[in-house]
Number of protein chains: 2
Amino acid sequence: MPKPNVQLLLTGNELMTGDIVDSNSAMIAQQLKELGLEISRKVTVADDITTLINEINHLAEQADILIINGGLGPTIDDLTAEALAKATKVNLTEHKDALIHLKSWCKKRDVKLNTPNLKQTLLPQNCTIIPNKDGSAVGFKVNHLACDIYCTPGVPRELKTMLAEQITHDIAKYHPTKLITDTTRLQVFGLGESTLQKMIDEQLPTWPKSIELGFRAGMPLLEVKLTTSCEEGHRIKPIWCAKLEKIIGDHIIATIKDTPLTLAKHLLLKLQEDKLKITTAESCTGGMIASLLTKEAGASSSFEAGFVTYSNEMKTELLAVTQQSLSQHGAVSREVVIEMAKGALKRSSADFAIAVSGIAGPDGGTKEKPVGTVWLAWGHKSNLKTVGLLIPLSRDYFQKYVANIGLDLVRRELINSTQTAHYITERKFS
Amino acid sequence: MPKPNVQLLLTGNELMTGDIVDSNSAMIAQQLKELGLEISRKVTVADDITTLINEINHLAEQADILIINGGLGPTIDDLTAEALAKATKVNLTEHKDALIHLKSWCKKRDVKLNTPNLKQTLLPQNCTIIPNKDGSAVGFKVNHLACDIYCTPGVPRELKTMLAEQITHDIAKYHPTKLITDTTRLQVFGLGESTLQKMIDEQLPTWPKSIELGFRAGMPLLEVKLTTSCEEGHRIKPIWCAKLEKIIGDHIIATIKDTPLTLAKHLLLKLQEDKLKITTAESCTGGMIASLLTKEAGASSSFEAGFVTYSNEMKTELLAVTQQSLSQHGAVSREVVIEMAKGALKRSSADFAIAVSGIAGPDGGTKEKPVGTVWLAWGHKSNLKTVGLLIPLSRDYFQKYVANIGLDLVRRELINSTQTAHYITERKFS
């Protein structure tokens with residue numbers, strides 16, 4: 001059976017005007033890749049009914065599978081259902097399943113079902129409903145000109161779940177390919193793509209062709225993907241995966257087959273395992289470390305309190321940082337982060353602390369302490385470690401990177417890592 | 001003269017696999033917008049010569065202007081020149097101007113001209129060269145099927161300069177248009193798309209066709225766009241914009257022409273204007289409110305300290321929440337958030353506080369206080385207001401929404417809003 005021809009139609013004025021950058025099609029491509037399928041063409045058009053109808057007909061003529069993304073919402077610029085009905089020459093009718101979904105959706109959220117929402121139940125006759133776990137708009141499938149057309153929501157989170165839990169299974173069922181793709185993902189923190197590529201080129205120069213290496217830089221974690229679809233690849237992948245793991249070392253947060261976890265989640269799991277509690281004392285990251293930890297369900301078993309001490313006065317008032325350290329060494333110093341960590345440990349009775357003080361910019365830098373300077377202290381009361389790093393990046397990136405370095409330093413402490421993290425080798429100034 | 005039909009063809013395997021996200025087309029759209037032009041269709045294909053030739057012919061048949069991006073490089077997967085020559089049935093010939101450019105380019109960089117580079121001088125006969133100030137590959141223009149085709153480099157920096165300094169001028173010369181597009185954006189918090197659509201349908205049923213309405217749901221803000229390109233639209237847009245602003249009321253964070261700001265930034269600007277300081281006392285949002293505030297540069301002038309009190313003990317220890325309130329009303333209660341706010345005000349000497357305690361889930365709900373229950377207290381010491389809301393959404397969404405509601409409640413207080421926020425009308429339980 002030859003591989004099906006898959007095409008993609010993206011709709012939305014905002015995609016045409018440059019107001020938003022399309023990330024959905026990358027997500028679709030990645031999920032299809034797991035099935036051994038590639039997208040052969042991708043067309044983006046504005047919200048115009050005639051254009052949409054013509055495009056649907058044109059693409060359906062050539063494709064075996066057409067995925068349409070966007071235009072399922074309740075507003076007047078959402079035209080996918082209408083265009084599909086007109087292209088396939090059927091009427092729009094109220095679909096019972098869509099109505100039931102919408103009612104239960106509204107009920108769960110305790111909101112009233114309103115008239116615009118009801119538009120989302122008007123779908124082409126004979127279409128098959130695709131459930132949407134995360135949103136009000138159901139997806140749907142129709143067959144037109146011997147092409148399976150899947151209509152999907154534009155909201156990335158909704159699309160992601162619908163693809164993973166519904167559409168990829170449907171495609172695998174109706175368009176089976178003989179390829180069995182096997183993917184292993186290494187979640188890596190603290191190494192960039194080019195650094196890692198260089199390490200592989202130098203230390204594993206005979207990397208086999210049958211195992212495809214892919215990199216996906218998703219701040220803060222870099223995902224390294226090992227994919228194979230052939231027999232030879234299946235056989236040797238474990239060996240090469242182990243070789244790769246060895247050279248990346250403790251920069252690997254986890255080796256996974258399926259759902260990735262965040263760095264915070266990995267740290268929390270380790271804290272829970274060791275029955276330890278952590279506290280945070282944050283200046284330049286302004287609560288982000290606490291927020292990363294508490295985004296995870298079940299954080300309460302390992303996290304009770306965090307301190308955001310943005311001003312010098314508050315470092316003294318809340319964490320008992322001494323006036324002497326502040327005036328003698330400045331707020332961004334080894335002495336101050338140690339006192340912050342000690343203060344947070346004392347006030348919260350936690351076992352571990354992470355304390356951070358730095359200059360996120362864009363203002364506030366000096367010649368001795370330029371923007372990007374940051375001090376971190378971490379560990380337990382009797383064994384606090386510190387490091388001073390220079391991370392001269394944008395405020396946004398600086399905060400995210402430093403917050404995650406904070407989590408990673410504690411993680412490394414808990415696994416008794418003896419390896420020096422790359423970000424320390426590269427960016428340590430003291 | 002009618003507006004020319006502009007289409008876009010993007011080439012590159014990396015755009016199909018999801019390995020990179022396309023940002024070039026947004027750049028092209030933005031530069032064309034200055035000329036009053038929109039892109040009507042955008043097609044992306046992999047590096048395959050037959051596909052490219054077919055696509056060029058198909059698009060050139062319909063478009064007046066076709067911009068092709070990518071495929072001008074020196075490697076074997078760069079196929080644009082060859083595809084253009086085949087589509088227009090001419091030969092590839094060495095272009096003197098391209099060779100001169102390439103030689104001077106190499107000389108300036110002190111590199112040798114190599115064979116792969118020479119490929120970049122082989123272009124379709126009769127094409128017009130478009131200089132490239134920033135790269136080795138020149139662009140070129142051909143006319144095919146009454147369509148002006150511009151071939152442009154894939155490197156964003158090279159593309160940007162070539163568009164700004166060459167192509168937009170060429171288009172303006174050969175496709176003059178009198179249209180000027182005007183866009184106004186309303187940044188809205190607390191109203192969903194469907195609610196807003198309903199309000200417009202009911203209260204402004206005669207909304208004029210000459211002003212296009214667009215919605216973009218970017219959690220937490222919803223952006224409402226009013227766009228017009230005709231004379232009538234330009235004339236009446238201010239009137240209809242004012243009507244729309246009136247019905248949306250204080251849910252509008254700002255009406256803007258260009259760069260959007262976050263809700264946190266708007267609040268900080270207001271706090272700075274009024275010379276006020278804010279503090280945060282967070283349980284279920286776990287530091288996210290503090291983090292949203294401190295993500296903004298210059299937050300330090302209005303924010304000195306925040307408290308993350310995740311456990312009951314820490315609410316008592318750090319914010320002096322009473323045992324009595326905790327045992328009598330529970331951590332998620334009006335009494336406790338008031339005490340949290342008071343405690344935070346006292347400890348931080350801030351003027352304003354926002355305190356939050358709720359059940360983010362997925363666990364921890366009871367029959368009386370299900371997952372999604374949240375209490376907020378906000379205001380200054382002598383005038384603390386409270387509200388209890390039920391927001392039964394996923395943990396992730398709950399935290400983001402509640403954190404932003406916290407910011408919005410303070411913002412409304414500072415602008416002395418007398419209007420009730422939609423999220424209070426819809427979700428208040430107490």
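Residues numbered from 1 in each chain as written. Chains lettered and ligands numbered in written order. Predicted model: local features only at pLDDT ≥ 70, side-chain atom pairs only at ≥ 80, totals over all residues.

**Remarks on the overall build of chain A**
Secondary structure assignment for chain A yields 16 helices and 17 strands. Dimensions of chain A, computed from the C-alpha atoms along their principal axes, are close to 80 × 60 × 40 Å. For chain A, with 430 residues in total, the buried portion stands at 48%. Across chain A, every contact between residues at least 6 apart in sequence was considered, and the portion connecting residues at least 24 apart equals 68%. (Helix = DSSP H or I, 4+ residues; strand = E, 2+ residues; numbered from the N terminus. Buried ≥ 20, exposed ≤ 12 C-beta atoms within 10 Å, placed from the backbone. Contact = placed C-beta atoms within 7 Å.)

**Here we look at the nonpolar core**
Counting 148 residues, the largest nonpolar core has Ala341, Ala355 and Leu376 of chain A together with Ala341, Ala355 and Leu376 of chain B as its most contacted members. Not counting residues within four places of it along the chain, the set of residues in contact with Ala341 of chain B comprises Ala281, Ala353, Ala355, Ala377, Trp378 and Leu384 of chain B. The next biggest cluster of nonpolar side chains, apart from the first, holds 98 residues, and it includes Leu9 and Leu159 of chain A together with Ala63 and Ala98 of chain B. (Core = buried A, V, L, I, M, F, W, Y, C linked by C-beta atoms within 7 Å.)

**Focus on the packing of helix H3 (residues 49–62) of chain A against helix H4 (residues 80–87) of chain A**
Residue and element names in this part refer to chain A. Look at H3 against H4: their axes get within 9 Å of each other, and the N-to-C directions meet at 55 degrees. The pairing of H3 with H4 is recorded here as oblique in orientation. Between H3 and H4 lies a crossing of right-handed hand. Of H4, the residues touching H3 (which contributes Ile49, Leu52, Ile53, Ile56 and Asn57) are Glu82, Ala83, Leu84, Lys86 and Ala87. (Axes fitted to C-alpha atoms, helices over the stretch in contact; angles between N-to-C directions. Parallel < 35°, antiparallel > 145°, perpendicular 65-115°, else oblique. Left-handed = near helix turned anticlockwise from the far one by under 90°.)

**Some points on the environment of Gly406 of chain B**
Residues and elements named next belong to chain B. As for its position among the elements, Gly406 is in helix H15 (residues 395–414). The spatial distance from the C-alpha of Gly406 to the C-alpha of Arg109 is 55 Å, given a sequence separation of 297 residues. Residues contacting Gly406, with those up to four places away along its chain left out, are Ile289, Ile354, Val356, Leu376 and Trp378.

**Description of the packing of helix H10 (residues 263–273) of chain B against H15 of chain B**
Residue and element names in this part refer to chain B. At a minimum axis separation of 10 Å, H10 and H15 run at an interaxial angle of 30 degrees. In terms of orientation, H10 and H15 fall into the roughly parallel class. Pair H10 / H15 crosses with left-handed handedness. Where H10 approaches H15, its residues Leu263, Ala264, His266, Leu267 and Lys270 are matched on the opposing element by Asn404, Leu407, Asp408, Val410, Arg411 and Leu414. Along the lines of polarity and charge, the residues of the contact of H10 with H15 split into six nonpolar, two polar and three charged. (Nonpolar A, V, L, I, M, F, W, Y, C, P; charged D, E, K, R; others polar.)

**Some points on the interface of chain B and chain A**
Counting residues at the interface gives 63 residues for chain B and 68 residues for chain A. Broken down by class, the residue content of the side of chain B that touches chain A amounts to 26 nonpolar, 20 polar and 17 charged. Pairing between strand S14 (residues 303–309) of chain A and strand S14 (residues 303–309) of chain B: five bridges, direction antiparallel. What sits directly across from Ala305 of chain A, in S14 of chain B, is Thr309 of chain B. (Pairing = 2+ DSSP bridges.)

**Some thoughts on the confidence of the model for chain A**
With 99% of its residues at a pLDDT of 70 or more, chain A shows a mean pLDDT of 92. Listed scores for the predicted complex are pTM 0.74 and ipTM 0.74. (pLDDT = per-residue confidence, 0-100.)

**Looking at the pairing of strand S13 (residues 278–282) of chain A**
All names here are of chain A. Burial analysis of S13 places five of its five residues in the buried class, the great majority of the element. Burial along S13 is two-sided: the residues Ile278, Thr280 and Glu282 and Thr279 and Ala281 are all buried. Sheet topology note: the S13/S14 ladder contains four bridges and is parallel. In the strand pairing of S14, Ala281 is matched with Phe307.

**Describing the environment of Asp134 of chain A**
All names here are of chain A. Note on placement: Asp134 falls in the loop between strand S6 (128–130) and strand S7 (139–144). For the pair formed by Asp134 and Arg157, sequence separation is 23 residues and the distance between their alpha carbons is 7.2 Å. Those residues in contact with Asp134, other than ones at most four positions away along the chain, are Arg157, Glu158 and Thr161.

**Quick notes on the domain arrangement of chain A**
Considered domain by domain, chain A is made up of domain 1 (6–174), domain 2 (182–256) and domain 3 (263–427). Just the C-alpha atoms count here: the centres of domain 1 of chain A and domain 3 of chain A sit 44 Å apart. (Domains from an automatic or database assignment.)

**Concerning the sheet that holds strand S10 (residues 212–218) of chain B**
All names here are of chain B. The antiparallel open sheet is built from four strands, whose spatial order is S10-S11-S9-S12. Of all the strands in the sheet, just S10 and strand S12 (252–256) have a single pairing partner and so form its edges. With direction set aside, neighbouring strand axes in the sheet form an average angle of 20 degrees. Of the pairings in the sheet, the one linking S10 to strand S11 (residues 221–228) comprises seven bridges and is antiparallel in character. Paired with Leu213 across the two strands is Leu226, which belongs to S11. In the packing of helix H9 (residues 231–248) onto the sheet, the strands contacted are strand S9 (182–188), S11 and S12, and the crossing angle to S9 comes to about 5 degrees.

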